[in-house]
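# Reading the structure
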Amino acid sequence: MKYLKITVLAFFVTLVLSSVGVNATMYTITELKIPINNGLATSNQVVKYDAGGYHMLNKFDCKDNLSGDPRAIMGYIRALVGGGNVSVRKELPKGTNVVFDSYTTDPGTFYTVYYSKKTLPTSATYWGFWTVDYNK
């Protein structure tokens, strides 16, 4: 049921973005394991071909793997070109679009990085969306 909700939400977000003329690509990130003690979890690499658009992250949910409690997550975008520039680290509130505009407008290869806001002895599982070439 959880996957159906994520798929339906991704469909509607894509539908809304396509109806307003935004040329963006959305990637769904499912069951990404966030390691213990502020360990980093990374997404797959994505190539951004056009200059000008921003990156946007949206946390659908993140749960502690032991207790099932919600987990506060931080995220950022990292480029594989230009010296491996890193965007500002931002908290990802549940259901909120978080736009990253520093070092992310150039074309190149990027990936996202996620970690727990607090140092905790348990891992977590993250579900969310990554939108590339989002125009404000």
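For every chain, the first residue of the written sequence is number 1, and numbering continues from 1 along that sequence. Totals for whole chains, interfaces and linings use every residue, but because this is a predicted model, local features are given only for residues with pLDDT of at least 70 and side-chain atom pairs only at 80 or more, for both listing and counting. By convention in this description, side-chain values take in all heavy atoms of the structure and omit both hydrogens and water.

Another aspect to go through is the overall build of the protein chain. Assigned secondary structure in the protein chain consists of one helix and nine strands. Secondary structure elements are defined from DSSP: runs of H or I of at least 4 residues count as helices, runs of E of at least 2 residues count as strands, and each element is numbered from the N terminus. Start at the N end of the protein chain and walk to the C end: the helices and strands fall as α-β-β-β-β-β-β-β-β-β. Buried means the residue's accessible area, taken with a 1.4 Å probe over protein chains only, is under 20% of the maximum for its type, while exposed means over 50%, and partly exposed covers the values in between. Sorting the 136 residues of the protein chain into buried and exposed places 43% on the buried side. When contacts within the protein chain are restricted to residue pairs at least 6 apart in sequence, long-range pairs at least 24 apart make up 78% of them. Under the convention used here, a 1.4 Å probe and the Shrake-Rupley method define accessible areas, while residue burial counts only the protein chains that appear. About 7,300 Å² of surface is accessible on the protein chain, with carbon and sulfur atoms providing 56% of the total. Contact between two residues is taken to exist if any of their heavy atoms lie within 4.5 Å; hydrogens are not considered.

Once that is clear, we can look at the environment of Trp 130. Here Trp 130 lies in strand S9 (residues 124-134). On a C-alpha basis, the gap between Trp 130 and Ser 43 in space is 9.5 Å, while along the polypeptide they are 87 residues apart. At 3.1 Å, the side chain of Trp 130 and the side chain of His 55 are in polar contact. Pairs of N or O atoms are called polar contacts if they sit within 3.5 Å, as long as, within protein, a hydrogen donor faces a hydrogen acceptor (for residues adjacent in sequence, only side-chain-to-side-chain pairs).

Moving on, we come to unusual backbone geometry. Phi is positive for Asn 37, which is not a glycine, with a value near 50 degrees. If you trace the backbone, Asn 37 turns up in the loop between strand S1 (25-34) and strand S2 (41-42). Judged by its relative accessible area of 45%, Asn 37 is partly exposed. At Asn 38, a position not held by glycine, the phi torsion is positive, near 60 degrees.

Any Phe, Tyr or Trp ring, taking Trp's six-membered ring, that has another such ring centre within 6.5 Å forms a pair; planes under 30 degrees apart are called stacked, those over 60 apart edge-to-face, and the others tilted. Evaluation of the coordinates by the stated rule reveals three aromatic pairs. A cation over an aromatic ring shows up here: Arg 89 above the ring of Tyr 76, its NZ or CZ 4.2 Å from the ring centre. In this structure, Lys 90 is placed above the aromatic ring of Phe 100, and the distance from its NZ or CZ to the ring centre is 5.2 Å. Criterion for a charge above a ring: Lys NZ or Arg CZ within 6 Å of the ring centre, and within 35 degrees of the ring normal.

For Asp 61, the position within the fold is in strand S4 (residues 54-64). Residue class for Asp 61 comes out buried when judged on its relative accessible area of 14%.

With that out of the way, let us pick up the pattern of salt bridges. Here a salt bridge means any side-chain nitrogen of Lys or Arg lying within 4 Å of a carboxyl oxygen belonging to Asp or Glu. Counting across every chain of the model gives four salt bridges. Between Asp 61 and Lys 94 there is a salt bridge, and its shortest N-O distance comes to 3.8 Å. Here Asp 61, found in strand S4, pairs with Lys 94, found in the loop between strand S6 (90-91) and strand S7 (97-100); they are 33 residues apart in sequence, far enough to count as distant. For Arg 71, the salt bridge goes to Asp 64, with nearest N and O atoms at 2.6 Å. Assigned by exposure class, Arg 71 and Asp 64 land together as buried. Where salt bridges share partners, they join Asp 61, Lys 63 and Lys 94 into one cluster.

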